[in-house]
Amino acid sequence: MTLPLSSTFPLENLRPETRAFLARRARGHGLLIDGAWQAAAGGATFPTLDPASGLETGQIARADAADVDAAVDAATRALAAWKAVVPVERARILWKVADLIEAHIDELAEIETLDQGKPLSLGRWAEIPGAIGQFRFFAGQAMAIEGSTLESSINYQPQGRQMRTWTVREPVGVVAAIVPWNSPLVLTAMKLAPALAAGCTLVLKPAEDTSLSALRLAELMVEAGVPAGVLNVVTGYGRETGAALAGHPKVDKIAFTGSTATGRAVLDAAKSNFKRVTLELGGKSPAIIMPDADLSITIPGAANAIFMNAGQVCIAGSRLYVHRSIHDEVVEGIAAYARGIRLGHGLAAETQMGPVVSRIHAERVEGFLERARSEGATMLTGGERGGEAGTFIAPTVVVDVRPDMEIVREEVFGPVLVAQAFDEPEEVIAAANDSEYGLAASVWTESLSHAHRMSSDIKAGTVWINCHSMFDASLAIGGIKQSGWGRDSGRQALDNYLEWKTVCAVV
Ligand code: NAD
């Protein structure tokens, strides 16, 4: 198996600006409420760790219900003034946020790696540019909000006067943005950018394992001119801070990304005052390799579809279906690719895969692998922890599985690929759709006919052909079935943060 190159990284080798940020914000002074940085009212904090080494990198403020109350109140007070800011000014601020992220991209990439574990290159060249794209895209959308005029048939013309009818879009109000730990910065940007473009105010709750990049982003947003109270940040545990926010009576909408189980809890909490809810939840996405696929792009493409970010990607291609005629060649090819992946501390330049986010999560992934073994599955490669410290899981390819096994059906959220053979297109479409999730899928084929037929028949929010995990600010992302409600990113995301108002006027 692949052993980590190194699970530690001397913190004194961090950039000076990263160390300055940690000194500023990772000592329990990380709540942003009404434009002021402050400690939790009760003074509580919790540790944040570097997952590769297990070493503590800071103490994060642990917000309780009183802090959440103060943050929601600030967002409520700021709403009218932010709504009144003309679209071009909202756009200017969002564009400035993008410029500041770009100017600080190396620092942000370091912070994200230190907190989440991902290789520096993934943040630096893919995810943080993705966050920049969100702010630039929604800067444009801020100036493209439109209602319509309607030729209604209302036959009411008192004293010969006329009826006019039109619609306008208005911000939903105060938004609670609750995000997970796998790709913190870009997933946060996917909530903040469209909400601010629409004229909403926000309270952001980052994941407890990865609060740091949200705090640095918030600093940059204040610098960009986001007014006091328009963006508030409360850090803390999901069951405490998150639950207080999701159930708060003055929150108008919850924009949630996370697990399907937590999504259900959030939905329950939203019932109290009928909050608007969008839910970006889990997935178990199929990657389907047809017999005519170009294996020179398919084998590395399908391997990256699962091993990128140590498999902690909601849209990861975690279920591999390969036509029987090329099954062994493809699966062996992916296993060889997996064996060649260099594990290590994300801040080391040669690292291709970092640890999973926490010890608890590593144990969860191991639990899936143990149960798969006991049900008769074989690990073609991987299947074990790597290294002494940290939370490294070797890239794993699982074979000898049946469709009803847990490892085939449940989201593992780790570097674990489950491979199965198929014979007929109809059979693989049925297998791909035999899931409670419907987030994404990829089809690898040179046949136009297969590409069209399968992209139409597969039940998922996104289907990629000869690629996987491609995303862009212009493209909506989200799922059907238990993968959630609504879409983030793309023009569709703006709608999440806007209400319709109809006006009928006798003039
Ligand atoms: P999680 O559901 O445990 O936590 C997500 C967020 O919810 C965290 O900030 C957490 O503190 C908070 N939370 C927890 N309990 C809460 C409660 N009772 N009330 C309010 N908030 C609460 O998810 P995770 O483990 O951080 O993230 C991994 C999951 O996210 C995976 O299932 C993955 O598929 C999913 N995900 C989905 C998408 C998508 O676009 N569909 C994108 C990324 C991740």
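What you are looking at is a predicted structure, and each value in this text was computed from that prediction instead of being measured.

Asks: When you look at the pattern of salt bridges in this model, what are you seeing that I'm missing?
Replies: The tally for this structure, following the rule as stated, stands at 28 salt bridges. With a shortest N-O distance of 3.0 Å, Arg92 and Glu89 are connected by a salt bridge. Of this pair, Arg92 and Glu89 both sit in helix H3 (residues 87-103), 3 residues apart, which is roughly one turn of that helix. A relative accessible area of 29% places Glu89 in the partly exposed class. Note that Arg324 is salt-bridged to Asp423, the shortest N-O span being 3.0 Å. With Arg324 in the loop between strand E13 (317-323) and helix H11 (327-339) and Asp423 in the loop between strand E18 (416-422) and helix H14 (425-433), the pair connects residues that are 99 residues apart, well separated along the chain. Look at the salt bridges and you will find they share partners, linking Arg15, Glu17, Asp106, Glu110 and Arg124 into a network.

Asks: Can you walk me through the layout of surface pockets in this structure?
Replies: Gaps left between atoms are located by rolling a probe of water-molecule size over the structure's atoms. Estimated volume of the second largest pocket: approximately 470 Å³. For the second largest pocket, the lining is made up of 27 residues, of which Val186, Met190, Ile315, Ser469 and Phe471 are closest to its centre. Elements represented by at least two residues in the lining of the second largest pocket include exactly helix H5 (120-142) and helix H6 (184-198). Split by residue class, the lining of the second largest pocket holds 16 nonpolar, 7 polar and 4 charged.

Asks: What exactly am I supposed to notice about the packing of aromatic side chains here?
Replies: Think of a pair of aromatic rings as described by two things: how far the centres are apart, and how the planes are tilted against each other in angle. Applying the stated criterion across every chain, the model contains 3 aromatic pairs. Ring centres of Trp181 and Phe413 lie 5.3 Å apart, and the angle between their planes is 75°; this geometry places the pair in the edge-to-face category. Highlighted residues: Trp181 in the loop between strand E7 (174-178) and H6 and Phe413 in the loop between helix H13 (406-409) and E18, separated in sequence by 232 residues. Under the relative-accessibility criterion, Trp181 is labelled buried at 16%. Residue classification places Phe413 among the buried residues on the basis of a relative accessible area of 15%.

Asks: Explain the site of the ligand to me, please; I cannot follow it from the model alone.
Replies: In the vicinity of the ligand lie 26 residues, with Lys205, Glu208, Ser259, Thr262 and Glu411 positioned nearest. Within the contact set of the ligand, a nitrogen atom lies 2.7 Å away from a backbone nitrogen or oxygen of Leu281. Listing elements by their share of the shell around the ligand, those giving two or more residues are helix H8 (238-246), strand E10 (253-257) and helix H9 (260-270). The greatest single-element share of the shell around the ligand, amounting to 3 residues, is contributed by H8. The residue makeup of the shell around the ligand, split by class, is 14 nonpolar, 8 polar and 4 charged.

Asks: Just to check I follow, could you spell out the sheet that holds strand E21 (residues 462-465) for this structure?
Replies: What holds strands together in a sheet is hydrogen bonding between their backbones, with the strands either parallel or antiparallel. Here we have 7 strands laid out as an open sheet, ordered E14-E17-E18-E13-E12-E20-E21, and mixed in their pairing. Two strands in the sheet have a free side with no partner beyond their single neighbour: strand E14 (378-381) and E21. Shown here is a sheet whose adjacent strand axes are inclined to one another by a mean of 25°, direction ignored. Those strands touched by H14 are strand E12 (285-289), E13 and E18, and its axis lies near 165° from that of E13.

Asks: Just checking my understanding: could you explain the packing of H6 against helix H7 (residues 212-224) for this structure?
Replies: When two helices pack together, their arrangement is given by the angle between the helix axes and the distance between those axes. At a minimum axis separation of 10 Å, H6 and H7 run at an interaxial angle of 35°. Of the two possible hands of crossing, H6 and H7 adopt the one that is right-handed. Contacts from Pro184, Leu185, Thr188, Leu192 and Leu196 of H6 reach H7 at Ser213, Leu217 and Met221. By residue class, the composition of the contact of H6 with H7 is 6 nonpolar, 2 polar and no charged.

Asks: I keep staring at empty space enclosed by the protein and nothing clicks. Help me out?
Replies: Counted by the stated rule, this structure contains 2 cavities of 30 Å³ or more. Taken as a whole, the largest cavity holds about 80 Å³ of empty space. As for the largest cavity, its lining consists of 14 residues, and the residues nearest its centre are Ala316, Ser318, Glu411, Val412 and Phe413. Residue composition of the lining of the largest cavity, grouped by class: 7 nonpolar, 4 polar and 3 charged. As a volume, the second largest cavity reaches approximately 70 Å³. Lining of the second largest cavity is provided by 16 residues; of these, Pro286, Arg319, Tyr437, Gly438 and Ala440 occupy positions nearest its centre. Those elements that provide at least two residues to the lining of the second largest cavity are E12, H14, strand E19 (437-438) and strand E20 (440-444). The class makeup of the residues in the lining of the second largest cavity is 8 nonpolar, 5 polar and 3 charged.

Asks: Which parts of the structure should I look at to understand the nonpolar core?
Replies: The tendency in soluble globular proteins is for nonpolar side chains to be buried side by side. Ranked by size, the top nonpolar core spans 118 residues in total, and within it Phe135, Ile289, Leu320, Ile334 and Ile407 carry the most contacts. Considering every element that reaches this core, the biggest residue donor is H6, with 11 residues. Counting residues in each nonpolar core, the second largest holds 26 residues, with Leu31, Val72, Ala176 and Val251 among its members.

Each value, and the rule that gives it
Residues numbered from 1 in each chain as written. Predicted model: local features only at pLDDT ≥ 70, side-chain atom pairs only at ≥ 80, totals over all residues. Heavy atoms only, no water. Salt bridge = Lys/Arg side-chain N within 4 Å of Asp/Glu carboxyl O. Helix = DSSP H or I, 4+ residues; strand = E, 2+ residues; numbered from the N terminus. Buried < 20%, exposed > 50% of the residue type's maximum accessible area, 1.4 Å probe, protein only. 1 Å grid on protein atoms, 1.4 Å probe; cavity = no way out; pocket = protein on both sides within 12 Å on 5 of 7 lines; lining within 4 Å. Points joined across faces, edges and corners; volume = space filled by probe spheres on them. Nonpolar A, V, L, I, M, F, W, Y, C, P; charged D, E, K, R; others polar. Phe/Tyr/Trp six-rings, centres within 6.5 Å; stacked < 30°, edge-to-face > 60°. Near = heavy atom within 4 Å. Polar contact = N/O pair within 3.5 Å; in protein donor to acceptor, adjacent residues only side chain to side chain. Pairing = 2+ DSSP bridges. Axes fitted to C-alpha atoms, helices over the stretch in contact; angles between N-to-C directions. Contact = heavy atoms within 4.5 Å. Left-handed = near helix turned anticlockwise from the far one by under 90°. Core = buried A, V, L, I, M, F, W, Y, C linked by side-chain atoms within 4.5 Å.

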